[in-house]
Amino acid sequence: MDSSAIGVRDGQETATREIETLFRIERARLIAGLARYLGDISLAEDLAQEALVEALARWPEHGIPPNPGAWLMTTAKRKAIDNWRRRRMMERRQPTLQHEIETGSMGDFAMQQAVLEASLDDEIGDERLSLMFIACHPLLSRDQQVALTLKVVGGLETGEIARAFLTRETTVAQRIVRAKKILREAGVAFEVPDGADRDRRLATVLEVVYLIFTEGYAASAGDDLIRPQLCQEAMRLGRILTGLAPMEAEVHGLLSLMELQASRLPARVGPDGEAMTLEQQKRRLWDRLLIQRGLSGLDTISKLGGDDGVYALQAQLAAVHARAAHFTDTNWGLIASLYDRLLEQVASPVIALNRAVAHAMAFGPEVGLMLLAALEDEPSMAAYAPYHAARGDFLFRLRQLEKAKQAFEQAVVLSGNATERRFLLRRAEDCRVTP
């Protein structure tokens, strides 16, 4: 292959990656706008994907338009009109959409963008967050709400959602399909709820935002340990929520928690791309502004009387690390007591696992193993890599190296993240050292 052909191929691949990146940025907004016109999330997703296919075909040749989001929305709406003409669906809405598109100029992207933003305006003022409230409809079960929102709005893969739920991928896929069907058959209006109805959905929205952040902070799959863009998006949504519900302590708790955890992102990956534990991290790299904002959020929570909230307690846990100048300064006794309080609020096996780690750090690995023993019969832990990694660490510290090695190797098998697997393999190799 000559150099010119290689150059063309490389240019096409670069253009494709750039277009796919732009689509990921615009995807949730695009689906939100289409869903509100169509009343069908599945159809909105299909049309968004069709718009991407057309962009991939046209943009490399004609260039990326000044406002990619407006171009994608216009293209998707044109395809919706084509579908209505073919299937004679949604006849009442067709003239409005067709008039909106045909009275504008395809070259006037700024005007199209203004029209689109005005048509999508609502009280919340953010399409992604608006769609979250819509997807968290009370007709759906909590699991369906969270799974649907993470898939449609968060853009997470079904496998990533399954790992967040500690369940099977097929189970999550069924939840998503069922949720879309329920909303479609019930003829749910794709409008942002207000008042008490919106407040009832807030807890699920908070959970979804934090799950998006968690996937960014510790990616469940792929080559990269962290996905900072997901963390940034989750924090952006969190800040909008604090403006929407300024007197809700748990909203502030979630944002404070995310900011304190995100402050460590610059130090979580070493120069060689390898995972860095809390003990290994260079704390001078931690983002002091985010720490300051997170600690300020804790003050707001206290004034609102919400110190015992689930997110508030987790934010307090993160604050203990943030206040420690060095790893050896960490108040593990305080962390252990905070986990005791948190477990009383939420009977979660993941929280119980983290509590065991905290108690092991505060009171010794024997205590940690004792607490892990209580989780042995928990089905979700058997296939959960962090459980086996924690067990391996406790055994390693007790110099039970063969058992520790087996635990780390089991964690390697279960981990879906390449960086995490390399870290666990190194821990397993360390167990070969003669004590």
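Structure: see above.
None of the values given here were measured: they were computed from a predicted structure. (Residues numbered from 1 in each chain as written. Predicted model: local features only at pLDDT ≥ 70, side-chain atom pairs only at ≥ 80, totals over all residues. Heavy atoms only, no water.)

Q: Where do I start with the overall build of the protein chain in this structure?
A: When helices and strands are tallied, the protein chain shows 22 helices and zero strands. Counting over 435 residues, the protein chain shows a buried share of 51%. Intrachain contacts of the protein chain at a sequence separation of at least 6 include 64% that bridge at least 24 residues. Just so you have it, the protein chain exposes about 21,000 Å², and 51% of that area is on carbon and sulfur atoms. (Helix = DSSP H or I, 4+ residues; strand = E, 2+ residues; numbered from the N terminus. Buried < 20%, exposed > 50% of the residue type's maximum accessible area, 1.4 Å probe, protein only. Contact = heavy atoms within 4.5 Å. Areas by Shrake-Rupley, 256 points an atom, 1.4 Å probe, with all protein chains shown as cover.)

Q: Looking at this model, I keep getting lost on the side chain of K180. Mind explaining?
A: Following the sequence through the fold, K180 ends up in helix α9 (residues 169–186). Accessibility expressed as a relative area gives 17% for K180, which makes it buried. Every residue in contact with K180, bar those within four places of it in the chain, is listed here: I41, S42, E45, L148 and V152.

Q: When you look at helix α8 (residues 158–165) in this model, what are you seeing that I'm missing?
A: For an α-helix, 3.6 residues make a turn, and residues three or four places apart therefore share a direction. In terms of burial, α8 is a largely internal element, six of the eight residues being buried. Summarising the contacts, the buried residues of α8 are in contact with α7 (142–152), α9 and α10 (195–217).

Q: How should I be thinking about the packing of α8 against α9 in this particular structure?
A: Describing two packed helices takes the angle between their axes plus the distance from one axis to the other. It is the contact of α8 with α9, at a shortest axis distance of 8 Å, that shows an interaxial angle of 105°. Taken together, the axis directions place α8 and α9 in an arrangement best described as roughly perpendicular. Contact residues: α8 offers T158, G159, I161, A162 and F165, while α9 offers E169, V172, A173, R175 and I176. Here the contact of α8 with α9 is composed, by residue class, of six nonpolar, two polar and two charged. (Axes fitted to C-alpha atoms, helices over the stretch in contact; angles between N-to-C directions. Parallel < 35°, antiparallel > 145°, perpendicular 65-115°, else oblique. Nonpolar A, V, L, I, M, F, W, Y, C, P; charged D, E, K, R; others polar.)

Q: Would you explain helix α17 (residues 349–363) in this entry?
A: Under the 1.5 Å per step criterion, the end-to-end length of α17 is 20 Å for 15 residues, consistent within 8% with the ideal 21 Å. Regarding α17, the residues found buried are P349, I351, A352, L353, A356, A358, H359 and A360. Contact partners of the buried residues in α17: α16 (332–345), α18 (365–373), α19 (379–382) and α20 (385–397). The opening residue of α17 is S348, an N-cap whose side-chain oxygen sits 3.2 Å from the backbone nitrogen of V350. Phi turns positive one or two residues past the end of α17, at G364, with a value near 115°. (Expected span 1.5 Å × (residues − 1). Polar contact = N/O pair within 3.5 Å; in protein donor to acceptor, adjacent residues only side chain to side chain.)

Q: Explain the pattern of salt bridges here, please?
A: Oppositely charged side chains may form a pair once their charged atoms are brought near each other. The full count for this structure, using the stated rule, is 18 salt bridges. With a closest N to O distance of 3.2 Å, R427 and D393 form a salt bridge. Pair noted here: R427 is in helix α22 (residues 418–430) and D393 is in helix α20, with a separation of 34 residues, a long-range link. You'll find R427 and D393 in the same group, each marked buried. Residues K405 and E409 are paired through a salt bridge, measuring 2.7 Å at the closest nitrogen-oxygen approach. Pair noted here: K405 and E409 are both in helix α21 (residues 401–414), with a separation of four residues, about one helical turn. Take K405: its relative accessible area is 13%, and that puts it in the buried class. When salt bridges with common partners are traced through the structure, they connect R142, D143, R175 and E207 into a single cluster. (Salt bridge = Lys/Arg side-chain N within 4 Å of Asp/Glu carboxyl O.)

Q: Can you walk me through the nonpolar core in this structure?
A: Nonpolar side chains tend to gather and get buried jointly when the protein is soluble and globular. Ranked by internal contacts, the top residues of the largest apolar core, which has 101 residues, are L34, M132, L148, V209, F213, L241 and M258. In terms of residue count, α10 provides more of this core than any other element does, ten residues in total. L148 has contacts with I41, A135, L140, V153, I176, A179, K180 and L183, leaving out every residue within four places of it along the chain. (Core = buried A, V, L, I, M, F, W, Y, C linked by side-chain atoms within 4.5 Å.)

Q: Even after reading the chapter, I still don't get the packing of aromatic side chains, so can you show me in this structure?
A: Any pair of aromatic rings gets described here by the distance separating the centres and the angle formed by the planes. All told, the structure shown has five aromatic pairs when counted by the stated rule. Relative to F213, the ring of Y210 lies with its centre 6.1 Å away and its plane at 15°, an arrangement referred to as stacked. Residue Y210 and its partner F213 are located together in helix α10, separated by three residues, close to a single helical turn. Exposure class is identical for Y210 and F213. Each is buried. (Phe/Tyr/Trp six-rings, centres within 6.5 Å; stacked < 30°, edge-to-face > 60°.)

All we've got here are geometric facts, nothing functional implied.
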